[in-house]
Amino acid sequence: MTKVSMTVNGKPASGEVEGRTLLSSFLREDLGLTGTHVGCDTSQCGACVVHVNGKAVKSCTMLAAEADGAEVSTIEGQAAPDGTLNAIQQAFQDHHGLQCGFCTPGMVMSAAALLKDNPKPTEAEVRAYLEGNICRCTGYHNIVKAIMAASGQDVSAIAAE
Amino acid sequence: MYNFEFEKPATIADAVAALGAEDAQALGGGQTLLPTMKQRLAMPTKLVSLSGIGEMQGVCSNNDGSLSIGGATTHATVAAEAAAQYPALADLASHIGDPAVRNRGTIGGSLANNDPAACYPAAALGSGATIVTNAREIAADDYFQGLFTTALEEGEIITGVRFPVPEAANYQKFLQPASRFALVGVFVAKFADGVRVAVTGASEDGVFRWSEAEQALSASFSPEAVNGLQVDPANMMGDIHGTKEYRAHLIGVLTKRAVAAAS
Amino acid sequence: MPKDSGIGASPKRREDLRFLTGTGNYTDDINLSGQAYVHFLRSDVAHGKINGIDTAAAAAMPGVIRIFTGADFEGVGSIPCGWQVTDRHGQPMQEPAHPVLAQGKVRYVGDAIAAVVAESREQARDAAEAIELDIEELPAVIDMKEAVKEGAPKVHDDLTSNLCYDWGFVEENKPAVEEAFANAAHVTTLELVNNRLVANPMEPRVAVGDFNRATGESTLYTTSQNPHVIRLLMGAFVLGIPEHKLRVIAPDVGGGFGTKIFHYAEEAFCTFAAKALNRAVKWTSTRSEAFMTDAHGRDHVTKIELALDAENNFTAIRTDTYANMGAYLSTFAPSVPTWLHGTLMAGNYKTPLIYVNVKAVFTNTVPVDAYRGAGRPEATFQLERVIDKAARELGVDPIALRRQNFITEFPYATPVAVEYDTGDYHATMDKLIDVADFAGFKARRAESEKNGKLRGLGVNCYIEACGIAPSNLVGQLGARAGLYESATVRVNATGGLVVMTGSHSHGQGHETSFPQVIADMIGIDESMVEIVHGDTANTPMGMGTYGSRSLAVGGSAMVRATEKIIAKAKKIAAHILEASDADIELKDGQFSVAGTDKSLAWGDVTLAAYVPHNYPLEDMEPGLEETAFYDPANFTYPSGAYACEVEVDPETGKITIERFAAADDFGNIVNPMIVDGQVHGGIGQGIGQALLEGCVYDENGQLLSASYMDYAMPRADDLPFYQVDHSCQTPCTHNPLGVKGCGEAGAIGSPPAVVNAVVDALQSAGKDVTHIDMPLTPNRVWSAMNS
């Protein structure tokens, strides 16, 4: 067992982990942050995306030990302390960008990473960026629309609410 | 996953020492190794992370015009930092996996693994790159030795890769729709002394140079030069995503497109 | 003007707040104190005889609590099948036993042989690898037509063959159908495959069993679309636990699409083991495990023939289908290729004579059952493909051919035993032509051709039967369950309501849409209504959510219960206002006496119900809580017309979806935003089936498409924005809301549009291609163009 310490959503967090403990397991099982989901075992679905030192990573494909000393942010840290949703979360609700909610944490975290690098992405850029996030409910229509809306673009011309 | 000991050295020397342990394995970004270990298809007793080694990070230009990339440099970093000097390489890096994978996966990890459908082997072979290890330098032509097989010795680490920068280059990747690896990928690079064409995703022997196309393109760097050339389907991979014949056909199409895009 | 509340409005979803902040409660988020973990050792051969299982070494491994094998389940019931089909000769289908853990034989790759319960997940897996198996591999049957040949290896030794049933529908029509074909002016024939799919909800299945020795109560937390059905099937048929000692909870569920309807062995195992070990036992499926254990969908091989007269009127349809059941009968498997498929073969057309033959076949593959649409996509695909082919053979416009044969008068009794209540197929087609901008297609095709691409436009119609179902009818058809739905409406003293529904929401947004209905009925704010679902301990016995039934059936139960509430509340109001019941009106949350200015607020009446000081106690009990069980009089029949525009790269065969439009008639609509979202998702899955997804087994029964590395899930960059319209509305005539159901339409209506479009594109370039089997991979398209 190795001791790991990191900052998660601005708060210090630490624990004893095995070499094989994944960051996703550490977040879910040791810290109780079950908002990060695990939807596959081949590093493709993206339900587990979190930010490590400001970059989107798949927490199911990173060892907890690799995150020692890192700044980690998860879906639980996205809303304001009073519960007010951030712009991306709010856009997902406004535009029905989620149904069952399982892929949603990863979608929101990926969207946040995209908008940080590219504040006004085109439709094609949004779709390309979401290559590593699979949603089975929405057909992506309202997810793409929500992300474009969160970036401040007018999405009223995009068919159907 | 089977359990293992984890070590994260800060220098190449410490990493080499750590890898001296029996069944120790180097961990790059882990984007292939960790999923493989989840399936219990690999059981190292120790993983030596290379992500904490500062001297293996980053992209820099050399005096001879070539580009050196640290072995632990992520695809995202290559995509960003190689864009000015070697746009075709940066573009290739920007289409590996997905954004989150590109933030972890490394060039050294990809080349050490030598997946037959990976993109970087096409760039390295197509550019005539030099694989730099803790022990020696290996020409790309000598480095790739078949599926998941390379010239690396046990415990040898790719500390960097040196890319000569061609006059023109382009990579065309045709997606395998599930994995998003290359069903076929073709890297074309035009140098003053000739053209190199490297093909990934297609062959049963892994990445290879298509010498007929290289000769034709060295004589005339135009898409039409490839007309009538055909890779022998017999040596191609055939699977549920593409037959041998289809892969052989795509090599021709993508080579032309790469030439057109590079011209 | 869009409404801002009640029926027809699109309020923001209230469930989103927890899903967007990581505070949902999915089954894998549940961890009970003292919980142990189970790992299933699964067969890596498709067919084999178990000669021995040696668990001694594994049992001694660190953390191992106990190892179970099939021997531990002797005397435990078989996983039941919920539907019995009767064959052409009046005989019941062949129905094999389905043990919780394999007994004697393994029958598919993934069949569970042993279960290791240990202190941690990894310890359980470590120990499973130490179990020594002696399995004698037997020849496997994978191909359905091979499986039914004389002398084929048998999946189940105690059955007479691998044929589950040979079903004819309607058997009495057969001679007349033969005669119609003999007299036809034109016959179009098409052989096709409806590709095998994996539903792939993003949340893998999870089960947590728990047992309380003090009360003798078992609890199962599970990823289910219908916790009551699981409780009944598992309690009564497998484990012998009466309902009052068994609680099943399906909390937040991350998508279902059919594959979470069924009762699975892992659920029974965890419940059984928790009792045996007196501690909670948890199983979390990996995605790789899901590919080889979640029931698959579709997998039909069909020959369809369409007969037309000299005026191009459809005169008869004849189909011959092989339907894969897999190695065991999953919960609703037998019903999918029969009553959910044969009954839909009339489609939107007045074809007078139809005969459907279905041979259901056991193979050494994962069980196959309902997946979004279930039987109706298979019916729609073959019908709409053969009509398109006929139009091309006859040189007529495919839309005109469809229009000529549309059913236009309702109610309409089809020759395949169902009666459509309402519809207007010309209206949805007119709307589609507008929404999809057919007028601009020529110019778009010219533009594509300028860029070296081929462009095609494909159109199709669909009809489906959903809102399953009248219980007495499905009982005659072989259902072993009732298919009503339930709701209990509890009004609190201060006026708020809690609705306990037997429906289950796993993405459909019931927590938002159901209150819209009640708020409208009473005239109060939606925020005063809360929906409770997913727990057998606090909801009335209900049948759950599948087959696009929640609003049509579950919503109707809620309406009926609320009507009872209102009737009682009016009596209370009449008493207080000293008026006659008949004179009481309820509007905007106020009870008033007609023709007077006397009124009483909703909250005053609800308070009186629980503080019955001024109350007609001699006539009525206090309190305000009512339950209704609603059994529908008929299915509902949503319909629509879809259009797809594709570009084909002639050099590589790669298809891109350029435009996709849908015009649906769902009857009345409660929440347009949610309805659009359901259609989007269905279209995404339908395009996935058409272009990307397919389950492939090799000849030995190894699953080649066993992970996301080889099973192509649609991604954001595979799909376009969709144009969706549901302004054509012919309300359902037999449920109180006039609603029809929208959950499956997109998946039913979209695959033929895609394939029709690709054929159109290829023919525009002079290619003699009349059909390509799904998924239309670049390789397949390229091969078709170059053959």
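What you see is a predicted model, and the numbers here were worked out from it, not measured in a lab.

Parameters at a glance
Residues numbered from 1 in each chain as written. Chains lettered and ligands numbered in written order. Predicted model: local features only at pLDDT ≥ 70, side-chain atom pairs only at ≥ 80, totals over all residues. Domains from an automatic or database assignment. Contact = placed C-beta atoms within 7 Å. Nonpolar A, V, L, I, M, F, W, Y, C, P; charged D, E, K, R; others polar. Helix = DSSP H or I, 4+ residues; strand = E, 2+ residues; numbered from the N terminus. Pairing = 2+ DSSP bridges. Axes fitted to C-alpha atoms, helices over the stretch in contact; angles between N-to-C directions.

**Observations regarding the domain arrangement of chain C**
A common way to report how large an interface is uses the accessible area buried once the components associate.
Residue and element names in this part refer to chain C.
Then, number 1: Annotation of chain C at the domain level lists domain 1 (27-138 + 202-255 + 260-293), domain 2 (300-469 + 634-785) and domain 3 (484-630).
Then, number 2: Between domain 2 and domain 3, the C-alpha centre-to-centre distance is 40 Å.
Then, number 3: Residue-level contacts link 18 residues of domain 2 with 16 residues of domain 3.
Then, number 4: Looking at the side of domain 2 that touches domain 3, its residues break down into 10 nonpolar, 6 polar and 2 charged.

**Considering the interface of chain C and chain A**
Then, number 1: Listed by partner, the interface residues are 45 residues for chain C and 47 residues for chain A.
Then, number 2: Sorting the residues of the side of chain C that touches chain A by element identifies α1 (16-20), α8 (287-293), α17 (672-692) and β30 (723-725) of chain C as the ones contributing at least two each.
Then, number 3: Ranked by the residues each element gives to the side of chain C that touches chain A, the list is headed by α17 of chain C, at 7 residues.
Then, number 4: Of the residues contributing to the side of chain C that touches chain A, the split by class is 17 nonpolar, 18 polar and 10 charged.

**Description of the sheet that holds strand β15 (residues 300-308) of chain C**
All names here are of chain C.
Then, number 1: Pairing within the open sheet is mixed, and its 5 strands lie in the order β7-β17-β16-β15-β8. Two strands in the sheet have a free side with no partner beyond their single neighbour: β7 (163-169) and β8 (186-194). Between one strand axis and the next, the sheet turns by 10° as a mean value, whatever way the strands run.
Then, number 2: Direction of pairing for β8 relative to β15: antiparallel, over a ladder of 9 bridges. From the neighbouring strand, T189 faces β15, where its bridge partner is E305.
Then, number 3: Packing of helix α9 (residues 376-394) onto the sheet brings it into contact with β8, β15 and β16 (314-326), and relative to β8 it is tilted by some 140°.

**Here's the deal with the interface of chain B and chain A**
Then, number 1: On the side of chain A, 23 residues touch chain B, which itself brings 21 residues to the contact.
Then, number 2: Of the residues that constitute the side of chain B that touches chain A, the class distribution is 9 nonpolar, 7 polar and 5 charged.

**Here we look at the domain arrangement of chain B**
Then, number 1: Taken domain by domain, chain B holds domain 1 (1-49) and domain 2 (168-262).
Then, number 2: Relative placement of domain 1 of chain B and domain 2 of chain B: their C-alpha centres are 34 Å apart.

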